Amino acid sequence: MASAQLTHDTGQSKKAAASGWIGSALEYYDFFIYATAAALVFPQIFFPSENPTVAIVASLATYGVGYVARPIGAFVLGHWGDTHGRKTVLIVCMFLMGLSTMAVGFLPTYQQVGVLAPVLLVVLRLIQGFAVAGEISGASSMILEHAPFGRRGFYASFALQGVQAGQILAAAVFLPLAAYMPSEAFNSWGWRIPFLLSFFVIVAGYIIRRKVDETPAFAKEDEQGEIPRAPIIQAFKLNWKDMLRVVCMALMNVIPVVATIFGAAYAVQPAYGIGFEKDVYLWIPVLGNMLAVFVIPFVGNLSDKVGRKPPIIIGALCSGLLAFGYLYAISIKNVPLAIFMSLLMWGVVYQGYNAIFPSFYPELFPTRTRVSAMAISQNVGTTITALLPALFATVAPPGSANIPLTVGAIAFGITVIAAVAAITARETYRLRISDLGNPEAVPMAKADYERQRAETASGVAVVPT
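Below or above, wherever it landed, is the structure these notes cover.

**Section: a nonpolar patch on the surface**
Next, step 1: Taken together, Phe 95, Leu 99, Leu 197, Phe 199, Phe 200, Val 203, Tyr 206 and Ile 207 make up a surface patch of nonpolar side chains, about 690 Å² in accessible area.
Next, step 2: At the level of secondary structure, the elements contributing two or more residues to the nonpolar patch comprise α4 (86–104) and α11 (199–209).
Next, step 3: For the nonpolar patch, the leading source of residues is α11, giving 5 residues.
Next, step 4: In this fold, Ile 207 is placed in helix α11.

Dropping the structure here:
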């Protein structure tokens, strides 16, 4: 009987991790092909204007609309995940994201239907942002609650590894089309191909996610009749301090903003006078994500040995300090150094935070409010960082002095806020899953934790978490 239980638990743990990885990869593929299209082709086909700058700004604004919708999606989908189950909300997210992305590929252009075209584009982008808000919190909770004892950090990290892989996939599909197709063909129909491929998101995601059982933690709440009717209200009432900590820690998204948005603009926009080639900077997100794919599971596994807080605190402070070096490398027009510093800052050191939050955030909250509390607080923090490129451009416009010092100081200050939030949080890696979210819970003794973790790894223990 114990052997059967262990086989079931191990099998479900692996299925949950695979579901989180592939689901996150496919959903973030959808999310980021839109970002690429907004920069490459949407200004011409959806926002024609006599002023090219207006068209570009309008197109990129639709990208930002997706972030506006994320807090709304967090409220709705977080509630759904805590009342109907983790498996259900992930399937809902997948269908919403897949269908809305595929629909972009069928949209008429401005020349065909006029202003209706950009209106429909904005609506679909809102649906995308709404859907993606429930993905990471739902996938993290699903993996966490299925994970073997003492391996929650490692298993949960696969949700973020999938996010990075999805961005690589988006670049791998979109960039070759844009580079090698004739411009007329690409602008006419070639850009639609990556969006229409989202059909496979729906099929593959559904096949994978329907095979994962609902988590034991949620099933136990359901059996005991303890599923809350209003988990959001309970979350704000009982978990507001930890939700505030997560909002502050989620501001760490400032690092990819510095690396790929402001940093790229500083390096390539003629007004700043640096003069880096655009095609060189297209490789920074690709190389950074490729590096992160290898780093993330290593850091996740490390957090099961030393705790969640040390990697987050060190990753936050060190990546904030590296922002100065990265921007300085751009300012002295040293392309190899700028790329190296970006990859070190974002592809390696930042993963101390990025690999850990999928386990640390849900571990701060109890089962009954886990998805709601994480989704709302994480998406609020991320949405705030979506405003940072405009802030950076305002305080460090073209022609201003000390741009690396000014922007670097803001970025470092934000990472300090994230590090302080992590310092004030309780450590969670040695807590049993039934004790998560309880501020009074006592962690398991280190020796007992290591012994049971070893038993789980060797196949002796049957307790899944």
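**Section: the packing of aromatic side chains**
Centre-to-centre distance and the angle between the planes together describe a pair of aromatic rings.
Next, step 1: Taken as a whole and assessed by the stated rule, the structure comprises 21 aromatic pairs.
Next, step 2: Geometrically, the ring pair formed by Phe 357 and Tyr 361 is tilted, given 5.0 Å between the ring centres and 35° between the ring planes. Of this pair, Phe 357 and Tyr 361 both sit in helix α21 (residues 357–363), 4 residues apart, which is roughly one turn of the helix.
Next, step 3: Judged by its relative accessible area of 5%, Phe 357 is buried.
Next, step 4: Of the aromatic side chains, those joined through ring pairs into one cluster are Phe 42, Phe 46, Trp 191 and Phe 195.

**Some details on the pattern of salt bridges**
Next, step 1: Under the criterion given, the structure shown has 12 salt bridges.
Next, step 2: With its nearest N and O atoms 2.8 Å apart, the salt bridge here joins Arg 86 to Glu 145. Taken together, the residues span a long stretch of sequence, with Arg 86 in helix α4 and Glu 145 in helix α7 (residues 135–146) at a distance of 59 residues. Across the pair, Glu 145 and Arg 86 agree in class, each one buried.
Next, step 3: The network of salt bridges with common partners includes Asp 82, Arg 86, Glu 145 and Arg 370.

**A closer look at the packing of α4 against α11**
Next, step 1: Running from amino to carboxyl end, α4 crosses α11 at an angle of 170°, the nearest separation of the two axes being 8 Å. Accordingly, the angle class assigned to the pair α4 and α11 is roughly antiparallel. On the side of α4, the interface is formed by Lys 87, Leu 90, Ile 91, Met 94, Phe 95, Gly 98, Leu 99 and Met 102, while α11 contributes Phe 199, Val 201, Ile 202, Gly 205, Tyr 206 and Arg 209.
Next, step 2: Partitioned by chemical class, the residues of the contact of α4 with α11 number 10 nonpolar, 2 polar and 2 charged.

**A short note on the packing of α7 against helix α22 (residues 370–385)**
Next, step 1: Here α7 crosses α22 at 140°, and the two axes come no closer than 9 Å. Between α7 and α22, the crossing angle belongs to the class labelled oblique. As α7 packs across α22, the resulting crossing turns out to be right-handed. Seen from α7, the contacting residues are Ile 136, Ser 137, Gly 138, Ser 140, Ser 141, Leu 144 and Glu 145; seen from α22, they are Arg 370, Val 371, Met 374, Ala 375 and Gln 378.
Next, step 2: Split into classes, the residues belonging to the contact of α7 with α22 amount to 5 nonpolar, 5 polar and 2 charged.

**Overview of the environment of Trp 346**
Next, step 1: With respect to the helices, strands and loops of the structure, Trp 346 is situated in helix α19 (residues 335–349).
Next, step 2: A C-alpha to C-alpha distance of 6.5 Å links Trp 346 and Ile 255, two positions 91 residues apart in sequence.
Next, step 3: What Trp 346 contacts, discounting residues up to four positions off in sequence, is Ile 255, Pro 256, Ala 259, Thr 260, Ile 284, Pro 285, Gly 288, Asn 289 and Gln 351.

The rules behind the values
- Residues numbered from 1 in each chain as written.
- Predicted model: local features only at pLDDT ≥ 70, side-chain atom pairs only at ≥ 80, totals over all residues.
- Heavy atoms only, no water.
- Patch = residues over 30% accessible without salt bridge, like charges linked within 9 Å, V, L, I, M, F, W, Y side chains within 5 Å.
- Areas by Shrake-Rupley, 256 points an atom, 1.4 Å probe, with all protein chains shown as cover.
- Salt bridge = Lys/Arg side-chain N within 4 Å of Asp/Glu carboxyl O.
- Helix = DSSP H or I, 4+ residues; strand = E, 2+ residues; numbered from the N terminus.
- Phe/Tyr/Trp six-rings, centres within 6.5 Å; stacked < 30°, edge-to-face > 60°.
- Buried < 20%, exposed > 50% of the residue type's maximum accessible area, 1.4 Å probe, protein only.
- Axes fitted to C-alpha atoms, helices over the stretch in contact; angles between N-to-C directions.
- Parallel < 35°, antiparallel > 145°, perpendicular 65-115°, else oblique.
- Contact = heavy atoms within 4.5 Å.
- Nonpolar A, V, L, I, M, F, W, Y, C, P; charged D, E, K, R; others polar.
- Left-handed = near helix turned anticlockwise from the far one by under 90°.

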